[in-house]
Amino acid sequence: MDTIYDISVKGRVGVKLPDCDVPTSALPADLLRDELDLPEVSELQVVRHFVNLSSLNHSIDKGFYPLGSCTMKYNPKINEDVARLPGFAHLHPLTDDESAQGALALMYTLQEWLAEIAGFDAVSLQPAAGAQGELAGILMIRKYHLDRGDTKRTKILVPNSAHGTNPATVSMAGLEVVELPSDENGDVSLDALRAACNDTVAGMMITVPSTLGLFEAHIVDVIKLVHACGGLMYMDGANMNSLLGIVKPGELGFDVMHYNLHKTFSTPHGGGGPGCGAVAVNTKLKDFRPGPVVEITEAPTADEEAPLYGLVMPPKSIGRLKAFHGNFGMHVRAYAYIATYGDQLKEVSRHAVLNANYVRANLRGVYPMPYDRICAHEFVMEGHFKEAPDVHALDISKRLMDYGIHPPTNYFPLIVPEALLIEPTETEDKATLDEFIDVMKTIAQEAKTQPELLHDAPHVTPVGRVDEVRAAKQLVLCCRPVPEWDVEPAR
Ligand SMILES: *Cc1c(COP(=O)(O)O)cnc(C)c1O
């Protein structure tokens, strides 16, 4: 596709403004630049260019997106309508509390709902992403121990199936990662855990269900062991899409958990920033939450129905993580989503789990599966075949793109060779799942009979096979390719 510069014609303008009918004043000379090389295009050209560009990317609105761990469910459009209501969208972040009661009431209610859904006492909506929620959680755990004068606790236990953000978070918080192996069933090894528990352990981070899509069979024992040595339990709640209304992590004994509102509650995913990684905590950590949080500052009086809400900093807060109140637009969308489902929220998780198990059962025997047991909302299989030694998970994923399907997550979790992590989500119907199963069977056949078809894939996308290592190492961030980078991909 042409870049916007290719269609630029000297002297062409987007909008012709009427002649100025007021006196003009000179613009500051130091702000005017002649050397700026801007495209000269008409309004229609701009619209067509960007509409065409936008449709080149795959998205959930265009097709199936089984990207494991990311929960790429359909985001209902009503969320967008509600977030765009002028009272929400145009509210200035510096508006005083008294003039923003509606917005604060929404945030307060969302805090309450999120606490209730996962069985915790309090929530902070500050973190902008799951990874930031993790950082908040580990900083709270650290501060909890220091606050009690317990300065020895510098270690966080992390299973080897964990998402990369978990160990990264521990390091960023200035603590030390102790990696725990998984057993042959994909659960964390209890023997290794017992051996690691001592009075230098600040806590443990664990994902439930794990990144293998498996519900930790011994989770209650794991929590008891860590609590017995004085550590706190952090749950990575990225996979909450399988537990809504079924399991409350707070009741299992977890002390803190983050949600990814952009995974579980259908707010848009946004490049690691403009999401919401709300943290939920029990009474041990309530005072340490990042703030401000919303509290009722004045109970309703007899003649005045509504309470007064205010922004408050928890007394021992780890501080702010985000400007103003976090990503408020995300709070509105998640609120709309939860309100839409109401007490039917459980059905979301039941169908997410059912869909994953349906696909898993149908691909059993077609692809190697390291853990042959009922899965939660996602499952992991291996993208390689004895009969096709040169075919890898990456080739299978690239070939899927030719069929209009987004690839699953590749090479994660790290403990499974050639991993393909598949998460269909609850928003797909049986016909879509059946089509995916058929395509996966076709690709397995192609791998054995025409492997070159996979090695050269994708064939029908706007951009063919790219050199992913080079793309990551030589980032091209300008809209015009620099000639020496415009080369054939290395194989
Ligand atoms: C997505 C994910 C994270 C990180 O969440 P972000 O919102 O992308 O920062 C952490 N852990 C697991 C298991 C995840 O799937």
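All values derive from a computational prediction rather than experimental measurement. (Residues numbered from 1 in each chain as written. Predicted model: local features only at pLDDT ≥ 70, side-chain atom pairs only at ≥ 80, totals over all residues. Heavy atoms only, no water.)

1. Brief notes about a nonpolar patch on the surface
- Taken together, Met1, Phe50, Leu53 and Leu56 make up a surface patch of nonpolar side chains, about 390 Å² in accessible area.
- Overall, Leu53 belongs to the partly exposed group, its relative accessible area being 39%. (Patch = residues over 30% accessible without salt bridge, like charges linked within 9 Å, V, L, I, M, F, W, Y side chains within 5 Å. Areas by Shrake-Rupley, 256 points an atom, 1.4 Å probe, with all protein chains shown as cover. Salt bridge = Lys/Arg side-chain N within 4 Å of Asp/Glu carboxyl O. Buried < 20%, exposed > 50% of the residue type's maximum accessible area, 1.4 Å probe, protein only.)

2. Comments concerning the pattern of salt bridges
- Applying the stated criterion across every chain yields a total of 21 salt bridges.
- Between Asp191 and Arg194 there is a salt bridge, and its shortest N-O distance comes to 3.1 Å. With Asp191 and Arg194 both in helix H7 (residues 190-196), this residue pair falls three residues apart, about one helical turn.
- Judged by its relative accessible area of 46%, Arg194 falls in the partly exposed class.
- Salt bridges sharing common partners tie together Glu80, Arg84 and Arg333. (Helix = DSSP H or I, 4+ residues; strand = E, 2+ residues; numbered from the N terminus.)

3. Observations regarding the domain arrangement of the protein
- When cut into domains, the protein gives domain 1 (91-343) and domain 2 (363-460).
- Each of domain 1 and domain 2 has a C-alpha centre, and these two points are 32 Å apart.
- The interface is formed by 21 residues belonging to domain 1 together with 15 residues belonging to domain 2.
- When domain 1 packs against domain 2, close to 1,400 Å² is buried across both sides, 58% of that on carbon and sulfur atoms.
- Remark: the boundary between domain 1 and domain 2 carries one salt bridge.
- One salt bridge connects Arg373 with Asp187, and the closest N-O pair in it is separated by 3.4 Å.
- On inspection of domain 1 and its partner domain 2, the count reaches six residue pairs in polar contact (both at pLDDT 80 or more).
- Residue classes in the side of domain 1 that touches domain 2 are distributed as seven nonpolar, 12 polar and two charged. (Domains from an automatic or database assignment. Contact = heavy atoms within 4.5 Å. Buried area = accessible area lost by both parts, 1.4 Å probe. Polar contact = N/O pair within 3.5 Å; in protein donor to acceptor, adjacent residues only side chain to side chain. Nonpolar A, V, L, I, M, F, W, Y, C, P; charged D, E, K, R; others polar.)

4. What to know about the side chain of Glu382
- With respect to the helices and strands, Glu382 occurs in strand S10 (residues 379-382).
- Buried and unpaired, Glu382 has no salt bridge, with Lys386 as the nearest side chain of opposite charge at 9.2 Å.
- In this structure the side chain of Glu382 is engaged in a polar contact, spanning 2.8 Å, whose partner is the side chain of His384.
- Setting aside residues no more than four positions away along its own chain, Glu382 makes contact with Tyr367, Pro368, Pro370, Val416, Pro417 and Glu418. (Lys, Arg positive; Asp, Glu negative; His and termini not counted.)

5. What to know about the site of the ligand
- Neighbouring residues of the ligand: 14 residues in total, closest Ser69, Gly130, Asp236, His262 and Lys263.
- One of the backbone N or O atoms of Ala131 is found 2.8 Å from an oxygen atom in the ligand.
- For the ligand, the protein covers 89% of the area, taking 380 Å² as the surface of the free molecule.
- Looking at the shell around the ligand element by element, the count peaks at three residues for helix H5 (residues 130-147).
- When grouped by side-chain class, the residues that make up the shell around the ligand number three nonpolar, eight polar and three charged. (Near = heavy atom within 4 Å.)

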